[in-house]
Amino acid sequence: MPVLRADTMSGKQGTRPDWCELTKYEIVSLTPGEPHVWETGEPANKVVVVEGSCRVGGGDGTERVVERGGTADLPAGRHEIGCDAAATVVTLEGHWGDDCGGAGLFAVTRSEDPSDIGDPVDYPKHTNFDRHYHDCDEYWIVVSGRGTASSENVLYEVGPGDCVATRMGYHHDFPLVEEPVLAVFFETTMRGQKRRGHLWEHTHGPAIPADRLDDVEKEATS
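Quick look at the structure, then. Because the structure is predicted, anything quoted here is derived from the model rather than measured.

## Comments concerning the pairing of strand β13 (residues 163-166)
- Alternating residues of β13 divide into Cys-163 and Ala-165 and Val-164 and Thr-166, and every residue in both groups is buried.
- Bridge analysis of strand β1 (residues 3-4) against β13 gives two bridges, and the strand direction is antiparallel. Pairing of Leu-4 across the sheet is with Cys-163, part of β13.
- Direction of pairing for strand β11 (residues 138-151) relative to β13: antiparallel, over a ladder of four bridges.

In structure tokens:
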């Protein structure tokens with residue numbers, strides 16, 4: 001079940017797979033003069049600024065400014081996120097490790113002459129987004145726009161608030177858009193060869209899915 005919603009990430013009705021290192025996320029619209037109080041008990045936490053800029057303050061009295069596209073890593077505890085002009089952030093909570101891939105923003109639009117350097121596809125496509133895999137799990141959180149995402153060889157219609165969760169070693173793509181898409185990406189704990197960035201079988205070799213790597217690691221320690 002690679003497409004999640006914020007209200008189904010945990011709890012009795014939760015659909016979050018066991019392998020997910022992301023346990024909670026929220027898209028937050030900030031209003032000047034009204035700080036957003038974020039209390040988290042998870043060991044790993046991250047803020048990604050989608051629009052504008054914000055101030056992130058911790059319980060220790062420190063404060064940092066994070067601009068659009070920037071991120072801030074935070075420990076468990078109480079944090080305040082404020083702004084001087086309207087801004088939008090995505091907060092992420094979970095239990096990923098110290099060695100993670102990247103995080104930030106990406107946009108997907110329709111192209112009149114689609115072409116990309118990714119692995120071949122067998123589905124309709126009108127974007128320049130590349131079909132790729134990673135040596136880590138990756139999460140896409142759609143903030144605005146609508147389209148079709150491919151994850152683990154299944155096509156999903158996605159829109160604002162949806163989270164596309166793709167496990168390490170599985171291909172994903174954003175082949176179709178109905179409205180221009182703006183989304184957050186977050187690559188969690190690196191595994192296997194720990195190669196950064198987009199990987200393609202025609203360049204980097206066959207993808208090794210996480211479940212296959214799990215079996216290899218178990219055999220190595222048995």
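So that's the structure; there's more coming.
## A closer look at the pattern of salt bridges
- Applying the stated rule across the entire model yields eleven salt bridges.
- Between Lys-46 and Asp-73 there is a salt bridge, with its nearest N and O atoms 2.6 Å apart. Residue Lys-46 is found in strand β4 (residues 44-51), and its partner Asp-73 is found in strand β7 (residues 71-74); the two are separated by 27 residues along the sequence.
- Classification of Asp-73 as partly exposed rests on a relative accessible area of 46%.
- The shortest N-O distance in the salt bridge between Asp-99 and Arg-196 comes to 2.4 Å. Taken together, the positions of Asp-99 in the loop between β9 (87-94) and β10 (103-108) and Arg-196 in the loop between β14 (172-187) and α1 (201-204) put the pair 97 residues apart, joining distant regions of the chain.
- Of the residues examined, Asp-99 reaches a relative accessible area of 30% and is grouped as partly exposed.
- Arg-196 sits in the partly exposed class, given a relative accessible area of 48%.
- Within the structure, one salt-bridge network assembled from shared partners comprises Glu-39, Arg-78 and Glu-80.

## Details of the state of the cysteines
- Using the criterion set out here, one finds zero disulfides in the structure.
- The structure places no disulfide on Cys-54, whose sulfur is separated from the nearest cysteine sulfur, that of Cys-83, by 7.7 Å.
- No disulfide involves Cys-136; its sulfur sits 7.9 Å from the nearest other cysteine sulfur, which is in Cys-100.
- Among the residues examined, Cys-136 registers a relative accessible area of 2% and is labelled buried.

## Observations regarding the nonpolar core
- Ranked by internal contacts, the top residues of the largest apolar core, which has 21 residues, are Leu-22, Leu-92 and Val-184.
- Secondary structure elements with two or more residues in this core: β2 (22-30), β4, β9, β11, β13 and β14.
- Those residues in contact with Leu-22 that sit more than four places away from it in its chain are Met-9, Arg-16, Leu-92, Glu-93, Gly-94, Trp-96, Tyr-139 and Cys-163.

## Concerning the environment of Thr-109
- Inspection of the secondary structure assignment puts Thr-109 in the loop between β10 and β11.
- Residue Thr-109 is classed as partly exposed on the basis of its relative accessible area, which comes to 46%.
- Separated by 20 residues in sequence, Thr-109 and Phe-129 place their C-alpha atoms 8.8 Å apart.
- Discounting residues that sit within four places of it in the chain, Thr-109 has contacts with His-126, Thr-127, Val-177 and Pro-180.

## What about the packing of aromatic side chains?
- If you walk through the whole model with that rule in mind, you get eight aromatic pairs.
- Consider the rings of Phe-106 and Phe-129, whose centres lie 5.7 Å apart with planes at 50°: the pair is tilted. Note that Phe-106 is positioned in strand β10 and Phe-129 in the loop between β10 and β11, a separation of 23 residues in sequence.
- Owing to a relative accessible area of 12%, Phe-106 belongs among the buried residues under this scheme.
- Look at Phe-129 and you get buried, because its relative accessible area is 13%.

## Focus on the sheet that holds β2
- Spatial ordering of the open sheet is given by β2-β9-β4-β7, a layout of four strands whose pairing is antiparallel. Unpaired on one side and paired on the other, β2 and β7 mark the two borders of the sheet. Across the sheet, the mean angle from the axis of one strand to that of its neighbour is 20°, orientation sign disregarded.
- Looking at chain direction, β4 and β9 are connected through seven bridges and run antiparallel. Looking at the pairing, Lys-46 lines up with Leu-92 of β9.

So, how was this worked out
- Residues numbered from 1 in each chain as written.
- Predicted model: local features only at pLDDT ≥ 70, side-chain atom pairs only at ≥ 80, totals over all residues.
- Heavy atoms only, no water.
- Buried < 20%, exposed > 50% of the residue type's maximum accessible area, 1.4 Å probe, protein only.
- Helix = DSSP H or I, 4+ residues; strand = E, 2+ residues; numbered from the N terminus.
- Pairing = 2+ DSSP bridges.
- Salt bridge = Lys/Arg side-chain N within 4 Å of Asp/Glu carboxyl O.
- Disulfide = S-S within 2.5 Å.
- Core = buried A, V, L, I, M, F, W, Y, C linked by side-chain atoms within 4.5 Å.
- Contact = heavy atoms within 4.5 Å.
- Phe/Tyr/Trp six-rings, centres within 6.5 Å; stacked < 30°, edge-to-face > 60°.
- Axes fitted to C-alpha atoms, helices over the stretch in contact; angles between N-to-C directions.

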